[in-house]
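So the chains spell out like this:
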Amino acid sequence: MANLTSLHTEVVQRYISAFGAGDVDSALQLLTDDVVWHVDGVTQVSTVGILKGRESVRQWLRSFPENFQPRVFRLDNWWVSDDSVMVKGYFRHRVVSTGRTVGSDFVLHFQIREGLIARYQIFEDSALLARAFDSTCDDEKYRVRLNHTEYAYTDRGEGPVLMFAHGLFVDGDIFTEQMAVLAKNYRCIGLDMPGHGESSFNHRGWSLDDIADDLALMINELSLGPVVFIGQSQGGMVGIRLAAKHPELLSGLVLIGTSAREEDPQRYGTWERLKTTLLQGSHEDCEAAFINVQQHVNAPAWRRNNPQAMVRDRAIMLKHDRKGLSLAIDAAVIERGDCRALLPLITTPTWVICGEQDVATPPELSGEIAEGIANARLLMMPGVGHHPPREGASELAQALECFIGTFTDIN
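Description of the structure in this document. The shown structure was predicted, so the numbers you read here are calculated from the model rather than taken from an experiment.

## Some remarks on the overall build of the protein
(1) Moving on: Within the protein, the secondary structure is distributed over 15 helices and 14 strands.
(2) Moving on: A principal-axis box enclosing the C-alpha atoms of the protein has dimensions of 80 × 45 × 40 Å.
(3) Moving on: Put simply, the protein has 411 residues, and 51% of those count as buried.
(4) Moving on: Nonlocal contacts in the protein, meaning residues at least 24 apart in sequence, comprise 68% of its contacts between residues at least 6 apart.
(5) Moving on: Carbon and sulfur atoms make up 49% of the accessible area of the protein, which totals about 18,500 Å².
(6) Moving on: Between the averaged position of the 38 positive side-chain charges in the protein and that of its 54 negative side-chain charges there is a distance of 2 Å.

## A closer look at the pattern of salt bridges
(1) Moving on: According to the stated counting rule, one finds 25 salt bridges in the structure shown.
(2) Moving on: A salt bridge links Asp25 to Arg58; the shortest N-O distance between them is 3.1 Å. Separated by 33 residues along the polypeptide, Asp25 in helix H2 (residues 24–28) and Arg58 in helix H3 (residues 54–67) bring together distant segments of the chain.
(3) Moving on: Among the ionic pairs, Arg58 bridges to Glu55, the shortest N-O distance being 3.1 Å. Of this pair, Arg58 and Glu55 are both found in helix H3, 3 residues apart, which corresponds to roughly one turn of the helix.
(4) Moving on: Each member of the salt-bridge network shares a partner with another, and the members are Lys141, Arg143, Arg145, Glu150 and Glu198.

## Remarks on helix H15 (residues 393–405)
(1) Moving on: Spanning 13 residues, H15 covers 18 Å between terminal C-alpha atoms, matching the ideal 18 Å at 1.5 Å per step.
(2) Moving on: Residues of H15 that are buried include every one of Ala393, Leu396, Ala397, Ala399, Leu400, Phe403 and Ile404, and no others. Axial view of H15: buried residues confined to an arc of 165°, hence all on one face.

## What about the packing of aromatic side chains?
(1) Moving on: Applying the stated criterion across every chain yields a total of 20 aromatic pairs.
(2) Moving on: Aromatic pair Phe164 and Phe175: ring centres 5.1 Å apart, planes at 50°, arrangement tilted. In this pair, Phe164 is assigned in strand S9 (residues 161–165) and Phe175 in the loop between S9 and helix H5 (176–182), connecting sequence segments 11 residues apart.
(3) Moving on: The exposure class assigned to Phe164 is buried, which follows from its relative accessible area of 0%.
(4) Moving on: Linked through ring pairs, Tyr15, Phe19, Trp37, Trp60, Phe64, Phe68, Phe110, Tyr120 and Phe133 together constitute an aromatic cluster.
(5) Moving on: Of note, Arg131 hangs over the ring of Tyr142, and the distance from its end group to the ring centre comes to 4.2 Å.
(6) Moving on: Positioned above the aromatic ring of Trp351 is the side chain of Arg377, whose terminal nitrogen or guanidinium carbon lies 4.7 Å from the ring centre.

## Quick word on the packing of helix H6 (residues 208–221) against helix H7 (residues 234–245)
(1) Moving on: Two numbers describe how H6 lies on H7: the axes approach to 9 Å, and their chain directions differ by 65°. Crossing of H6 over H7 shows right-handed handedness. Residues Leu208, Asp209, Ile211, Ala212, Asp213, Leu215, Ala216 and Ile219 of H6 lie in contact with H7, whose contacting residues are Gln234, Met237, Val238, Arg241, Leu242 and Lys245.
(2) Moving on: For the contact of H6 with H7, a count of residues per class yields 9 nonpolar, 1 polar and 4 charged.

## Structural notes on the sheet that holds strand S1 (residues 31–39)
(1) Moving on: Overall, mixed pairing links the 6 strands, which are arranged S2-S1-S6-S5-S4-S3 in an open sheet. At either margin of the open sheet sits one strand with a lone partner, and together these are strand S2 (49–52) and strand S3 (68–80). Strand-to-strand twist in this sheet, taken as the mean axis angle between neighbours without regard to direction, amounts to 15°.
(2) Moving on: Two elements, strand S5 (residues 101–113) and strand S6 (residues 116–124), share 8 bridges in a ladder whose sense is antiparallel. Of the residues in S6, the one forming a bridge with Phe110 is Tyr120.
(3) Moving on: Most of the contacts of H3 go to S1, to which it runs at about 50°, and overall it touches S1, S2, S3, strand S4 (84–95) and S6.

## As for the side chain of Arg390
(1) Moving on: Within the secondary structure layout, Arg390 lies in helix H14 (residues 388–391).
(2) Moving on: Residue Arg390 is classed as buried on the basis of its relative accessible area, which comes to 12%.
(3) Moving on: Those residues within four positions of Arg390 in sequence are excluded, and the remaining contacts are Asp173, Ile174, Trp302, Arg312, Asp313 and Ile316.

## Thoughts on the packing of helix H8 (residues 268–280) against helix H12 (residues 322–334)
(1) Moving on: Between H8 and H12, the shortest axis-to-axis distance is 8 Å and the interhelical angle comes to 165°. With respect to their mutual orientation, H8 and H12 come out roughly antiparallel. Considering the relative orientation of H8 and H12, their crossing is left-handed. Between H8 and H12, the residues in contact are Tyr268, Trp271, Glu272, Leu274, Lys275, Thr277, Leu278 and Leu279 and Arg322, Lys323, Leu325, Ser326, Ile329, Asp330, Val333 and Ile334, respectively.
(2) Moving on: Of the residues assigned to the contact of H8 with H12, the class counts are 9 nonpolar, 2 polar and 5 charged.

About the cut-offs
- Residues numbered from 1 in each chain as written.
- Predicted model: local features only at pLDDT ≥ 70, side-chain atom pairs only at ≥ 80, totals over all residues.
- Heavy atoms only, no water.
- Helix = DSSP H or I, 4+ residues; strand = E, 2+ residues; numbered from the N terminus.
- Buried < 20%, exposed > 50% of the residue type's maximum accessible area, 1.4 Å probe, protein only.
- Contact = heavy atoms within 4.5 Å.
- Areas by Shrake-Rupley, 256 points an atom, 1.4 Å probe, with all protein chains shown as cover.
- Lys, Arg positive; Asp, Glu negative; His and termini not counted.
- Charge placed at Lys NZ, Arg CZ, Asp CG, Glu CD.
- Salt bridge = Lys/Arg side-chain N within 4 Å of Asp/Glu carboxyl O.
- Expected span 1.5 Å × (residues − 1).
- Arc of directions from axis to C-beta.
- Phe/Tyr/Trp six-rings, centres within 6.5 Å; stacked < 30°, edge-to-face > 60°.
- Lys NZ or Arg CZ within 6 Å of the ring centre and 35° of its normal.
- Axes fitted to C-alpha atoms, helices over the stretch in contact; angles between N-to-C directions.
- Left-handed = near helix turned anticlockwise from the far one by under 90°.
- Nonpolar A, V, L, I, M, F, W, Y, C, P; charged D, E, K, R; others polar.
- Pairing = 2+ DSSP bridges.
- Parallel < 35°, antiparallel > 145°, perpendicular 65-115°, else oblique.

This is how it looks when you write it as structure tokens:
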């Protein structure tokens, strides 16, 4: 039996090698005359269909490189029985017709008869493949449900993965300028945090640790890691927890305008009044409250010089679900707790960034974080408040590109 299973593995390995090299004739020699080829999914995907016979498979093999350009193809696990070989792996391919890139875990099932492949079937995410072939679909917007919370995110570019997590009141749009620069060499994933943007939220509430666990699950299960995690304010608070609890998932960490301390108790009353306005106030009441928020998070000069951006950011705030935003305040502010004990556990290359005019999380809090993490670097941005991705957009993009390039391979 051991010798038989070894022969089964060898024939599949030879087929995969020939397929990868584009050697159609050698691949066909490893198939039975009556081989069955089975790929499920919507028929607009070029590889989908059920075929029988070598000549039908010949056409399939020849057309594959005309439709797909492989980026990643990885085989992780093999299982062999008396007549079957199953292989689990991951692929990421560019679809030639649309220029879009799609990735999926997969399982290949080969049935072997008399030393040749008699049947082939692939199990993969056919819904993602269908999106990649649909030119009318927004190819950068995705959703994933993690522990019953639906996270909306954008996914653009190719290369080592950068994951962006924003602060309270804004959404993933805050990193637009940085992602536009970095997506030339990296795969950039920009999240909407729970209760913000297009993401859903748990109506019973959640914690920063819950978000960290959700994102660890996402990185693992979507084969993203290790990632460079870039978190601003509440996103940075999540980043600290993620780096301390799941160091194997991160290749780098950037913490922007954040804190490892619990919230100053003297501010609790202000936060509770804001929550009351969100839950009970009119549209006008909420807009006035958000104008007040902007007075605290944005530097005075930036506010004066960017009135249209102020209006745009306020419109984003007003679109959030009020209940979700109230619960997000509980998680990121009122109930976040002190996590300074986690700082010495972080071994990931780390850069701590803060605006010199940040009132929400003053520069001394960033200094404390940089001192608590071994070999962390600290960057202060003059004239910038709590929102460096907005207020110092191009400078931050250049700084991130320089820092990330020191420990990632983009070749």
